[in-house]
Amino acid sequence: MIDGTFDQAFRRLFTERAASLYRYLFRLSGDVALSVEITQECFVRLYRSGRLPDAPAAWLVSTAHDLLHRRYLADEEPQSVEPVPTTDAAALAADLMASAHRALARLPERDRRLLLLQHEGYEYRDIAEIEQLAPGGVGTMLARVSDEFRRTYDELQRTPD
Amino acid sequence: MSSSAHPTDGELRELLDGEGPQARRAVLRAHVTECEECGNRYAALQESRAVAESLLDLLAPRPVELKVDPVIQRARRFAYLRQAVHAVWRIFTRKP
């Protein structure tokens, strides 16, 4: 049975975390519909459980990773996020976005997740729990991944496909 | 970090992200200010993070409206369905 306290806490958590989880999933998958669906499914599962976990933000992301992996195993590759340009400015923006997307895609999966989690404002303790890292190792990995992402992007800008 | 050692990239990144205890960050900040080598590395990490943030900002999705009520209704529908299945199961498995 769901009590009013849980219902309120759930609603507050949804307000605080749903949009962030959606943005994170979109950057990871490039698929709006899939990101919305998985975001909602994570919260449905949480509500059904009838209690909030100790680290709700980390729980939501871990559940989303699980759902995303199952979907990728069942379906085809994620959609491309590269837009169709309509003006010169839009074409330039599309080119930058495409390079950023390709640079991100070239990172190993865990590095990509680390970068995106930090970008969405997740704290080190949440990132450590999600990725099962020692909290002291998160900074080291983020320093390396940010350098790698930037270097890969610069290379793609110099030598586009 | 000992008083004679230079901080690692991980420690500098923690400083950059505002992670770790405040007292520790104060020690690191003081070191970065005094040590040119670490100051340069800190600035490079800062730039890498800024570039990464800008690039990831480019990949922002179009905003969508996420509503909590349909999520709760869906979760409740599942709970009702589960209760109904259990009730039917109990009826059919009841001993005469």
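Criteria and cut-off values
Residues numbered from 1 in each chain as written. Chains lettered and ligands numbered in written order. Predicted model: local features only at pLDDT ≥ 70, side-chain atom pairs only at ≥ 80, totals over all residues. Helix = DSSP H or I, 4+ residues; strand = E, 2+ residues; numbered from the N terminus. Rg over C-alpha atoms; globule rule 2.2 N^0.38 Å. Buried ≥ 20, exposed ≤ 12 C-beta atoms within 10 Å, placed from the backbone. Contact = placed C-beta atoms within 7 Å. Nonpolar A, V, L, I, M, F, W, Y, C, P; charged D, E, K, R; others polar. pLDDT = per-residue confidence, 0-100. Core = buried A, V, L, I, M, F, W, Y, C linked by C-beta atoms within 7 Å. Domains from an automatic or database assignment. Axes fitted to C-alpha atoms, helices over the stretch in contact; angles between N-to-C directions. Parallel < 35°, antiparallel > 145°, perpendicular 65-115°, else oblique. Left-handed = near helix turned anticlockwise from the far one by under 90°.

Caption draft 1: Spatial organisation of the overall build of chain B. Scanning chain B from terminus to terminus reveals four helices and zero strands. The order of helices and strands in chain B, counted from the N terminus, is α-α-α-α. For a compact globule of 96 residues, the expected C-alpha radius of gyration is about 12 Å, and chain B comes in at 28 Å, more than 25% above that figure. The buried share of chain B, taken over its 96 residues, is 20%.

Caption draft 2: How the structure looks around the interface of chain A and chain B. Contact residues are listed per partner, giving 36 residues for chain A and 31 residues for chain B. Going through the elements one at a time, helix 1 (4–29), helix 2 (32–49), helix 4 (88–106), helix 5 (109–119) and helix 7 (135–158) of chain A are the ones with two or more residues in the side of chain A that touches chain B. The class makeup of the residues in the side of chain A that touches chain B is 22 nonpolar, eight polar and six charged.

Caption draft 3: The arrangement of unusual backbone geometry in detail. Positive phi values are uncommon outside glycine, yet Q132 of chain A reaches one of about 55°. Inspection of the secondary structure assignment puts Q132 of chain A in the loop between helix 6 (124–131) and helix 7.

Caption draft 4: Quick peek at the confidence of the model for chain B. Residues and elements named next belong to chain B. For chain B, the average pLDDT comes to 89, and 95% of its residues sit at 70 or higher. Helix 1 (residues 9–16) holds the highest mean pLDDT among the elements of chain B, 96, whereas helix 4 (residues 68–93) holds the lowest, 82. Of the two predicted TM-score estimates for the complex, the pTM is 0.82 and the ipTM is 0.81.

Caption draft 5: Broad picture of the nonpolar core. All names here are of chain A. If you look at the biggest cluster of nonpolar residues, it comprises 49 residues, and the most contacted ones within it are L21, L25, V61 and L117. The greatest single-element share of this core, amounting to nine residues, is contributed by helix 1. Structurally, this core is a two-domain feature, drawing no fewer than three residues from each of domain 1 (4–74) and domain 2 (88–158).

Caption draft 6: Main features of the packing of helix 5 of chain A against helix 6 of chain A. All names here are of chain A. Relative orientation of the contacting elements helix 5 and helix 6 amounts to 155°, with a least axis distance of 10 Å. When the axis of helix 5 is compared with that of helix 6, the two are roughly antiparallel. Of the two elements, helix 5 crosses helix 6, and the hand of that crossing is right-handed. Two secondary-structure elements touch here, helix 5 through R110, R113, L114, L117 and Q118 and helix 6 through I127, I130 and E131. The class makeup of the residues in the contact of helix 5 with helix 6 is four nonpolar, one polar and three charged.

Caption draft 7: Structural view of the environment of L116 of chain A. Among the structural elements, L116 of chain A can be located in helix 5. Given 22 C-beta atoms within 10 Å, L116 of chain A falls into the buried group. Distance in space between the C-alpha atoms of L116 of chain A and R27 of chain A is 7.4 Å, their sequence separation being 89 residues. Those residues in contact with L116 of chain A, other than ones at most four positions away along the chain, are Y24, R27 and L28 of chain A together with L56 of chain B.

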